[in-house]
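Analysis of the macromolecular model
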Amino acid sequence: MMLIPGPVNVPRSVAQSSSIIVNHRSDKFRRVVEDLELYLRKAFFSSRVALLTGSGTLAVESMVFSLLKRDEKVIVLTYGEFSERMLESIVKRGALPIVFRKPLGQMFSLEEVKKVLDNNKDATAIAFVHNETSVGMAFRDLKSVVSLGKQRGLKVLVDSVSGFGAYELRVNDWGIDAVATGSQKALASVPGLGLVGLSESGINELLEDVPNYLNLKLHLKFQDKKETPFTPAVGAFFATLRAVEILHEEGVERRWRRHEACARFIREITRNVGFNLLGNEDNFSNTVVAGSPPISAKQTILELAKRGIEISGGMGELKDKIVRIGTLGVVDSRAVSRLKYALSDILKTDIPEEPPKECELPESIREEVDWDN
């Protein structure tokens, strides 16, 4: 059982769909391209969704290169490893980042974001990571952060690779220009697709001086013909179409609530057995619980692995200092209960808490997910 920040365990029919290979210029595949974007637009609440063969990093870099001009001043908020990766992409694009960095384990408040924006009125864009899996923290009130940027006429670019599908996120209603994510996170599909949701304002900002593989305008042009500009990861397209069908079967809002409920439960039980968690109620992540356990991080990872549960260690400066428990995708009450019993056994302590009802999957999807392996 994988409880890592991605890739994730996937429903049986998603895994089966990933093995389908057809001519990517066939009518059958054109229907997949058409249906996949249609379903994803409903999940992003966006005008368009660019479908890219690659990882979440590709989605972020495509967003950065396609929407930011060279020498454009961009406010960049960083608070973890993936924030720094986004910053690197902005630097390589040739934009001019105005960087505000938080020490690991700390997070921006809305007042701090407002102050940053007020003090940098020459900036024309803001870019940030919605959910940082390296520290288990997030901009929980994404709508308000976006609003601060839009009130000042800024382009808003959001890396929500590990957040999309796990929090309320409405591209058009909130005025976000672009949001990047990947197939292998809260969507609960196989790795292989980068996805960028765009509003009309974001579409109007798309640039031409972009390497072809990163060119969102080119991808959308081909999607208008129900095609992709380059040979796609065909199996990942079929798998992700099935994954978004399952997402809508569960209900987008219900999936948001399930992620929050399961993450809250894991935070509760880990704190109660002596974990020192990063973050607080204002900024906890819905997809990763991060903190230092009462025994060493290495030992915790090893003991859980002996019981068939895979979690992740820390990254960068936090390597060997913390563990990270993924709660994204189709993680449900059965998965978190299994984790609870394993921690109880390892730490020789009783954990009486039970997962909340909102942590459960609908029965039809539950039957597709086996947590015993």
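Residues numbered from 1 in each chain as written. Predicted model: local features only at pLDDT ≥ 70, side-chain atom pairs only at ≥ 80, totals over all residues. Heavy atoms only, no water.

**Topic: the overall build of the chain**
Scanning the chain from terminus to terminus reveals 14 helices and 13 strands. Radius of gyration (C-alpha) of the chain: 20 Å, near the 21 Å computed for a compact globule of 373 residues. Structurally, the chain occupies a C-alpha span of about 60 × 55 × 30 Å along its principal axes. Classification of the 373 residues of the chain by burial places 59% in the buried group. Taking all contacts inside the chain whose residues are at least 6 apart in sequence as the whole, residues at least 24 apart take part in 74%. (Helix = DSSP H or I, 4+ residues; strand = E, 2+ residues; numbered from the N terminus. Rg over C-alpha atoms; globule rule 2.2 N^0.38 Å. Buried < 20%, exposed > 50% of the residue type's maximum accessible area, 1.4 Å probe, protein only. Contact = heavy atoms within 4.5 Å.)

**Details of the sheet that holds strand β11 (residues 288-292)**
Consider a sheet: its strands pair through backbone hydrogen bonds, and that pairing is either parallel or antiparallel. Here we have 4 strands laid out as an open sheet, ordered β10-β11-β13-β12, and antiparallel in their pairing. Two strands bound the open sheet, and with one partner strand each, they are β10 (276-277) and β12 (312-313). Across 2 bridges, the pairing between β12 and strand β13 (residues 323-326) is antiparallel. Pairing of Gly313 across the sheet is with Val323, part of β13. (Pairing = 2+ DSSP bridges.)

**A look at the sheet that holds strand β8 (residues 178-182)**
Spatially, the 7 strands line up as an open sheet ordered β1-β9-β8-β7-β4-β2-β3, and their pairing is mixed. Since the sheet does not close on itself, it has two edges, and those belong to β1 (48-53) and β3 (96-101), each with one partner. The sheet shows a mean angle of 20° between the axes of neighbouring strands, direction not considered. Taken together, the 5 bridges between strand β4 (residues 125-129) and strand β7 (residues 155-159) define a ladder with parallel strand orientation. The partner of Val129 across the bridge, within β7, is Asp159. Contacts from helix α6 (residues 142-151) reach β4 and β7, with the element oriented near 150° to β7. In the packing of helix α9 (residues 216-223) onto the sheet, the strands contacted are β1 and β9 (193-198), and the crossing angle to β1 comes to about 100°. (Axes fitted to C-alpha atoms, helices over the stretch in contact; angles between N-to-C directions.)

**Focus: the packing of helix α10 (residues 234-250) against helix α11 (residues 252-272)**
Relative to each other, α10 and α11 sit at 85°, their axes nearing to 6 Å. Viewed along their axes, α10 and α11 adopt a mutual orientation that is roughly perpendicular. When α10 is examined against α11, the residues Ile246, Leu247, His248 and Glu250 are found in contact with a partner set consisting of Val252, Arg254, Arg255 and Arg258. Of the residues assigned to the contact of α10 with α11, the class counts are 3 nonpolar, 1 polar and 4 charged. (Parallel < 35°, antiparallel > 145°, perpendicular 65-115°, else oblique. Nonpolar A, V, L, I, M, F, W, Y, C, P; charged D, E, K, R; others polar.)

**What to know about the nonpolar core**
Across soluble globular proteins, nonpolar side chains have a tendency to be buried as a group. Within the largest apolar cluster, 125 residues are counted, with the highest numbers of intra-cluster contacts made by Leu40, Leu77, Ile90, Phe128, Phe139, Ile176 and Val196. Tallying contributions element by element places α10 first for this core, with 10 residues. Composition of this core by domain shows at least three residues from each of domain 1 (12-250) and domain 2 (254-367). Sequence-distant contacts of Leu77, defined by excluding residues within four places in its chain, comprise Ser83, Phe100, Phe108, Val113, Val116, Ile126, Ala127, Phe128 and Phe139. (Core = buried A, V, L, I, M, F, W, Y, C linked by side-chain atoms within 4.5 Å. Domains from an automatic or database assignment.)

**What to know about the domain arrangement of the chain**
Assigned domains of the chain: these are domain 1 (12-250) and domain 2 (254-367). Centre-to-centre, using C-alpha coordinates, domain 1 lies 26 Å away from domain 2. Taken together, the 31 residues of domain 1 in the interface contact 31 residues of domain 2. When domain 1 packs against domain 2, close to 2,500 Å² is buried across both sides, 56% of that on carbon and sulfur atoms. At the boundary of domain 1 with domain 2, the tally comes to 3 salt bridges. Taking the shortest distance from any N to any O, the salt bridge between Arg255 and Glu250 comes out at 2.8 Å. Along the contact surface separating domain 1 from domain 2 lie 18 residue pairs in polar contact (both at pLDDT 80 or more). Counting only elements with at least two residues in the side of domain 1 that touches domain 2, the list comes to α4 (81-93), β6 (137-138) and α10. Residue contributions to the side of domain 1 that touches domain 2 peak at 4 residues, all from α10. Grouping the constituent residues of the side of domain 1 that touches domain 2 by class yields 15 nonpolar, 7 polar and 9 charged. (Buried area = accessible area lost by both parts, 1.4 Å probe. Salt bridge = Lys/Arg side-chain N within 4 Å of Asp/Glu carboxyl O. Polar contact = N/O pair within 3.5 Å; in protein donor to acceptor, adjacent residues only side chain to side chain.)

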